[in-house]
Amino acid sequence: QVQLVESGGGLVQAGGSLRLSCAASGSIFSINAMAWYRQAPGKQRELVAAITSGGITNYADSVKGRFTISRDNARNTVYLQMNGLKPEDTAVYYCNADGVATTGYRYNRWGQGTQVTVSS
């Protein structure tokens, strides 16, 4: 089994910063893409940012220039640096990873979610 554990959420004032972390562990042979999604109350889950194993990144238009995704392949960890936070960034943030397990099967896993609340 592959597990994802997130940390770093919290309450911050508008304009502030937070850094989310997500560590993958378990029966990992390889990790391909890692990504952050978010889901606000009453809204669908949406992609925030993604990064490939080679470091190619993709961002939602709403966070470009404010958020930065990065990963440490040696630690199987992905980060999301969030600067210039806005109240509309308030959501539960979920980590996602897909790859190949040591069994040879592909996996796609979600973290448990971490709450980010931005006050105005």
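Higher on the page you've got the structure.
Residues numbered from 1 in each chain as written. Predicted model: local features only at pLDDT ≥ 70, side-chain atom pairs only at ≥ 80, totals over all residues. Heavy atoms only, no water.

### Observations concerning the sheet that holds strand β8 (residues 77-82)
Inference 1: Pairing is antiparallel across the open sheet formed by four strands, whose spatial order is β1-β3-β8-β7. Whereas interior strands pair on both sides, the edge strands pair on one side only; in this sheet they are β1 (2-7) and β7 (67-72). The mean angle between the axes of side-by-side strands here comes to 15°, regardless of whether they run parallel or antiparallel.
Inference 2: Of the strand pairs in this sheet, strand β3 (residues 18-26) and β8 are connected by six bridges, and their pairing is antiparallel. Each residue of the ladder has a partner; that of A23, found in β8, is T77. (Pairing = 2+ DSSP bridges. Helix = DSSP H or I, 4+ residues; strand = E, 2+ residues; numbered from the N terminus. Axes fitted to C-alpha atoms, helices over the stretch in contact; angles between N-to-C directions.)

### Overview of the pairing of β8
Inference 1: Where burial is concerned, most of β8 is hidden: five out of the six residues are buried.
Inference 2: Sheet analysis places β7 next to β8, joined by six bridges and oriented antiparallel. Counted as the bridge partner of F67 is M82 from β8.
Inference 3: Here β7 folds back onto β8, and the loop between the two strands holds four residues, one of which, N76, carries a positive phi near 50°. (Buried < 20%, exposed > 50% of the residue type's maximum accessible area, 1.4 Å probe, protein only.)

### Considerations on the environment of L80
Inference 1: Along the polypeptide, L80 turns up in strand β8.
Inference 2: Judged by relative accessible area, L80 falls into the buried class, the value being 0%.
Inference 3: Spatially, the C-alpha atoms of L80 and W36 are 7.6 Å apart, while their sequence positions differ by 44 residues.
Inference 4: The contact partners of L80, leaving out residues within four places of it in the chain, are L18, R19, L20, W36, V48, A49, F67, T68, I69 and Y93. (Contact = heavy atoms within 4.5 Å.)

### Side note on the side chain of E6
Inference 1: Position of E6 among the secondary structure elements: in strand β1.
Inference 2: An unpaired buried charge is present at E6: no salt bridge exists, and R45, the closest side chain of opposite charge, is 7.8 Å distant.
Inference 3: Within the structure, E6 has its side chain in polar contact with the backbone nitrogen of Q112 (distance 3.2 Å).
Inference 4: Within the structure, E6 has its side chain in polar contact with the backbone nitrogen of G113 (distance 2.4 Å). (Lys, Arg positive; Asp, Glu negative; His and termini not counted. Salt bridge = Lys/Arg side-chain N within 4 Å of Asp/Glu carboxyl O. Polar contact = N/O pair within 3.5 Å; in protein donor to acceptor, adjacent residues only side chain to side chain.)

### Quick look at unusual backbone geometry
Inference 1: Residues other than glycine seldom take positive phi values, yet N76 does so here, at roughly 50°.
Inference 2: Here N76 lies in the loop between β7 and β8.
Inference 3: N76 sits in the partly exposed class, given a relative accessible area of 24%.

### Observations concerning the packing of aromatic side chains
What describes a pair of aromatic rings is the distance from one ring centre to the other and the angle between the planes of the rings.
Inference 1: In the structure shown here, the tally under the stated rule is one aromatic pair.
Inference 2: Seen in terms of ring centroids, Y37 and W110 are 4.9 Å apart; in terms of plane orientation they differ by 65°. Their pairing is edge-to-face. Note that Y37 is positioned in strand β4 (residues 28-39) and W110 in strand β10 (residues 106-110), a separation of 73 residues in sequence.
Inference 3: Lying across the ring of Y79, R19 places its NZ or CZ 4.1 Å from the centre.
Inference 4: Over the face of the ring belonging to W110 we find R45, whose NZ or CZ atom lies 4.6 Å from the ring centre. (Phe/Tyr/Trp six-rings, centres within 6.5 Å; stacked < 30°, edge-to-face > 60°. Lys NZ or Arg CZ within 6 Å of the ring centre and 35° of its normal.)

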